[in-house]
Amino acid sequence: MPRELMKGNVAMAEAAIRAGLEAYFGYPITPQSELLEHMAKRMPEEGRAFLQAESEVAAINMVYGAACTGARVMTSTSGPGISLMAEGISYIAGTEVPAVIVDVMRGGPGLGNIAPSQGDYRQVIHGAGHGDFFPIVLAPASVQEAVDLIGEAFDIAEKYRTVVFVVADGSIGQMMEPVELPEPRPLRRERPDWAVSGAAGRPHRTLTSLYLKPEVEERINLRILKRWQEAEANEVRYREYYLDDAEFVVLGFGTAGRVALSAVRAAREEGIRVGLFRPVSLRPFPYQAIRDLAQRAKAFLVVEMNGGQMLEDVQAAAQGQVPMRFYGRMGGMVPFPDEVLEEIRTLAADPPTPTENPRARWLAHMMPA
Amino acid sequence: MTVAAPPKTKHNLKLIYQKPESLTDSPTHYCPGCTHGVAHRLVAEVLDEMGLREKAIGIAPVGCAVLAYEYFNIDGVEAAHGRAPAMATGIKRVLPDRVVFTYQGDGDLASIGMAEILHAAGRGERITVIFINNAIYGMTGGQMAPTTLPEQVTTSSPRGRDVATQGFPIRMSEILAQMDGAAYVVRRSLHDPNNIRKAKKAIRLAFEAQVRGLGFAMVELLSTCPTNWGMTPIEAMNWVRDHMVPAFPLGDYKVAPELQKLRV
Ligand SMILES: Cc1ncc(C[n+]2csc(CCOP(=O)(O)OP(=O)(O)O)c2C)c(N)n1
Ligand code: SF4
C-alpha cells in the first residue's frame with residue numbers, strides 16, 4: 001500500500017474499517033470528532049452500521065449490544081465521554097464480550113480544554129468502570145503506530161473477550177503524518193459460539209453480567225482474572241531506543257515519549273549516555289522490562305503529559321532500585337524537546353539521590369512557593 | 001393435507017392450554033398476584049403465534065424482570081439499568097433481520113433510561129418495547145417511580161407523593177406517540193381477562209410493526225405490584241382499575257396506517 005498523508009483520527013477510523021469493523025457508535029467530542037465523521041462517511045459506503053448516539057452512555061450500550069452478537073464493534077471519545085461510558089465498559093467486561101474503545105485524550109479534569117493531554121491514564125488502566133477487571137490499554141506515539149495498534153486491538157479484544165482501549169492524546173488524533181494503511185480484511189462470516197443471534201436450531205443463549213450467587217460471581221471474576229493473566233504474559237509491548245549502553249533512561253508513552261525521543265537524540269549528540277523506554281501497552285504494563293532497566297541504570301526520568309500517573313507504575317516496577325525524577329506538563333500543555341533535554345542534562349550532571357521524591361521536586365520546580 | 005392430532009393426555013383428555021414454546025420450564029420468582037408473569041406469557045404466546053421464537057432476541061431490564069432471559073426460551077441479554085433501548089439498537093443495527101425487543105419497568109424506562117427510550121423512538125428504531133408500568137420500584141423495595149400517582153405512599157414518598165416537591169407522574173405513551181419515528185404506541189392494562197386479551201392483541205401489533213419495518217413500537221402495560229403496594233392480589237387488580245387507569249388512560253396513542261388495517 002502506498003503511503004499517504006492522513007490525520008490521526010481519520011487514519012484510525014480507516015484502519016478500523018480495514019480491520020473488518022462491522023459497527024460504530026459514537027458521540028461527537030473534540031479532539032476525536034474526525035474519527036466519528038470519517039465513520040459517518042465510510043461505514044454506510046461499506047454497507048456497515050454507523051450511528052451517532054444521543055450520548056456516550058447510549059453509544060457504549062449500543063456497542064455492548066452489538067458486541068453481544070459477536071460483531072466487530074468500536075466507539076471513540078475523549079475523557080468526558082469515557083467518564084460517561086464507565087458504566088457500559090464495566091458491563092462489557094462483566095459479560096466478557098469484546099469491544100474496542102479509542103480515547104483521544106484532552107486537558108481536564110472537568111470540561112478542561114481540547115488540547116492534548118495524558119490525563120486519562122489512571123482512568124483507562126482501571127477500565128473506568130466499577131468492579132474487578134482490567135482492560136488492555138495500548139498507547140501509540142505516531143499516526144502509523146495508531147493505525148497498526150487499531151488493527152491489532154480487535155484481534156486482542158476477541159482473543160481475551162475484553163475491552164481494549166487505544167489511547168491517543170489529542171496531538172496524535174489531530175496530527176497529519178504519512179501512513180501506510182493495511183489491506184482491507186474481509187468481514188468475518190462465522191460468529192463465536194457464545195454470541196446471541198436468535199435461538200434457531202439450538203438451545204437459547206443468554207449473555208449477562210448478573211450472577212446473583214456470590215460463589216458463581218467469584219468464579220466469573222476468577223475466570224476474567226485468568227484471561228487477564230494470559231494477556232499479561234502475551235501482550236506486553238514497548239519500544240526501546242539507545243538503551244544498549246545507556247546510563248540514564250527516560251520513560252514516556254505516546255506523545256510524551258515521542259517528544260522525549262527528540263530530547264534523547266539531542267542529549268546523545270552532547271555525549272550523554274541516555275536512552276528512551278516507551279511503554280506501548282499501558283496495561284499490561286511492562287513491569288519486568290522496567291525492573292531489568294532499573295537494575296542497570298544510574299537514574300530514571302519519567303516524562304508525561306499529566307501529573308505523574310504512569311510515574312507510580314514505574315516506581316512500582318523499579319522497586320526502589322534506581323533513583324528517579326519526573327517531568328510533566330499538564331492541562332493540555334505539551335512539553336518541548338528542549339525542556340526535556342534540560343531535564344536530561346540536569347539528570348546527568350546532578351543525579352537524583354535514592355530518597356528524592358520525584359513528584360515533590362517537580363512540583364516545587366513548576367510552582368515555587 | 002394432514003393435520004396433527006391435538007396432544008392427548010394419559011386419560012385421553014384433550015390438552016387445550018399449555019406453556020408457550022417461547023417460555024422455558026424455569027419457575028419465575030415473581031410474587032403472587034404480580035402481572036409480570038402475565039406479561040411474559042403474552043409476549044411468549046405472540047412470539048409462538050408469529051413463528052418468531054428462533055429469530056427473537058430479548059433485552060432484560062434492571063428491575064424485577066432482571067432474570068427475564070431465564071424465563072424466555074429465546075436468545076437474550078441483560079442490559080444496564082435503563083439502557084435496554086440502546087443495547088437493542090446495537091443488536092438490531094448489526095442483525096436487522098432479527099426480532100429485537102426490550103422488556104422494561106417504569107423506573108428503568110421512564111427515569112434512568114428516559115434519554116435512551118426517547119431517542120430510540122425518535123430514530124424510529126425498529127424494535128418492540130414492552131413497558132411494565134406498576135407505579136413503583138419493585139425490585140429495590142417500593143420506592144417512588146416517575147409513574148407513582150400523586151399522594152401515593154411509597155418508601156421514598158412516605159407521606160404520599162407530594163407533587164409540589166416530588167413532581168407529577170410521567171405519561172410515557174403520550175410522550176412517545178409524539179415521535180415521528182414511532183409506528184405503534186398504545187397503553188393497555190393487565191387487571192382483568194378482558195384487558196389481558198386486548199393487551200395480547202396490542203403486543204401482537206407491536207411485533208407486527210417491527211416485522212413490517214414500520215418503526216418504533218411500544219405497548220405500555222398497567223401492572224400490579226401487590227408486594228410493594230401492600231395489597232392482596234385482588235386489591236391490587238382493583239387498584240389498577242380504580243386508580244391507575246384514570247391517571248393513565250388506556251388507548252391507542254399512535255397506530256401507523258399499515259397497522260390499522262391489520263386483522264390479528
Ligand atoms: C445505575 C443503577 N442505579 C440503581 C440501581 C438499583 N435499581 C435496581 S432496579 C431499580 C428500579 C426498578 O424499578 P422498575 O424499573 O420500575 O422495575 P420493577 O422492579 O418495578 O419491575 C433500581 C433503582 C441499579 N441497578 N443501577
Ligand atoms: S416486587 Fe412487585 S413487581 Fe416485583 S415481582 Fe413482586 S409484585 Fe412483581
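The coordinates are above.
The structure displayed is predicted, hence computed values, not measured ones.

J.: If you had to explain the site of ligand 2 to someone new, which residues and values would you point to?
T.: Near ligand 2, the surroundings consist of Y30(B), C31(B), C34(B), H36(B), C64(B), N134(B), G138(B), C225(B), P226(B), T227(B) and N228(B). The class makeup of the residues in the shell around ligand 2 is 6 nonpolar, 5 polar and no charged.

J.: Report on the interface of chain A and chain B, specifying residues and quantitative values.
T.: Accessible area lost upon the coming together of the parts serves often as the stated size of an interface. On the side of chain B, 34 residues touch chain A, which itself brings 36 residues to the contact. Roughly 2500 Å² is buried in total at the junction of chain A and chain B, and carbon and sulfur atoms are behind 62% of that figure. Residue R83(B) pairs with E87(A) through a salt bridge whose shortest N-O separation is 2.8 Å. Counting the contacts that link chain A with chain B gives 16 residue pairs in polar contact (both at pLDDT 80 or more). Top contributing element to the side of chain A that touches chain B by residue count: helix 3 (residues 56–68) of chain A, with 8 residues. Residues that form the side of chain A that touches chain B fall into these classes: 21 nonpolar, 10 polar and 5 charged. Relative to strand 2 (residues 75–78) of chain B, strand 9 (residues 206–207) of chain A runs parallel, the two being bridged by 2 bridges. Residue pairing in the sheet places T206(A) in a bridge with G76(B) of strand 2 of chain B.

J.: If you had to explain the sheet that holds strand 7 (residues 251–255) of chain B to someone new, which residues and values would you point to?
T.: The strand order 9(A)-2(B)-1(B)-3(B)-4(B)-6(B)-5(B)-7(B) describes an open sheet built from 8 strands, whose pairing is mixed. The strands lining the two open edges of the sheet, one partner per strand, are strand 9 of chain A together with strand 7 of chain B. As paired elements, strand 3 (residues 99–105) of chain B and strand 4 (residues 128–133) of chain B share 5 bridges and run parallel to each other. Bridging across to strand 4 of chain B, T102(B) finds its partner in V129(B). With respect to the sheet, helix 1 (residues 36–49) of chain B is in contact with strand 1 (56–60), strand 3, strand 4 and strand 6 (216–222) of chain B, its orientation differing from that of strand 3 of chain B by roughly 170°. Against the sheet, helix 8 (residues 193–211) of chain B engages strand 3, strand 4, strand 5 (182–189) and strand 6 of chain B, with an angle of about 165° to strand 5 of chain B.

J.: Residue-level account of the packing of aromatic side chains, with values.
T.: Residue and element names in this part refer to chain B. Counting across every chain of the model gives 11 aromatic pairs over all chains. With a centroid separation of 5.7 Å and an interplanar angle of 70°, the aromatic rings of Y30 and Y71 are classed as edge-to-face. Taken together, the residues span a long stretch of sequence, with Y30 in the segment before helix 1 and Y71 in helix 2 (residues 68–71) at a distance of 41 residues. For Y30, a relative accessible area of 12% gives the class buried.

J.: Which residues make up the environment of L181(A), and what values do they have?
T.: Residues and elements named next belong to chain A. By the element assignment, L181 lies in the loop between strand 8 (176–180) and strand 9. When its relative accessible area of 3% is taken as the criterion, L181 is described as buried. For the pair L181 and E4, spaced 177 residues apart in the sequence, the C-alpha separation amounts to 8.3 Å. Excluding its chain neighbours within four sequence positions, the residues that come into contact with L181 are M1, E4, M6, A11, E14, A15, R18 and V147.

J.: Describe the side chain of N134(B), with residues and values.
T.: Residues and elements named next belong to chain B. Along the chain, N134 falls in the loop between strand 4 and helix 6 (163–166). Of the residues examined, N134 reaches a relative accessible area of 7% and is grouped as buried. Setting aside anything within four residues of it in sequence, one finds N134 in contact with D106, S223, T224, C225, W229 and M244.

Scoring rules and cut-offs
Residues numbered from 1 in each chain as written. Chains lettered and ligands numbered in written order. Predicted model: local features only at pLDDT ≥ 70, side-chain atom pairs only at ≥ 80, totals over all residues. Heavy atoms only, no water. Near = heavy atom within 4 Å. Nonpolar A, V, L, I, M, F, W, Y, C, P; charged D, E, K, R; others polar. Contact = heavy atoms within 4.5 Å. Buried area = accessible area lost by both parts, 1.4 Å probe. Salt bridge = Lys/Arg side-chain N within 4 Å of Asp/Glu carboxyl O. Polar contact = N/O pair within 3.5 Å; in protein donor to acceptor, adjacent residues only side chain to side chain. Helix = DSSP H or I, 4+ residues; strand = E, 2+ residues; numbered from the N terminus. Pairing = 2+ DSSP bridges. Axes fitted to C-alpha atoms, helices over the stretch in contact; angles between N-to-C directions. Phe/Tyr/Trp six-rings, centres within 6.5 Å; stacked < 30°, edge-to-face > 60°. Buried < 20%, exposed > 50% of the residue type's maximum accessible area, 1.4 Å probe, protein only.

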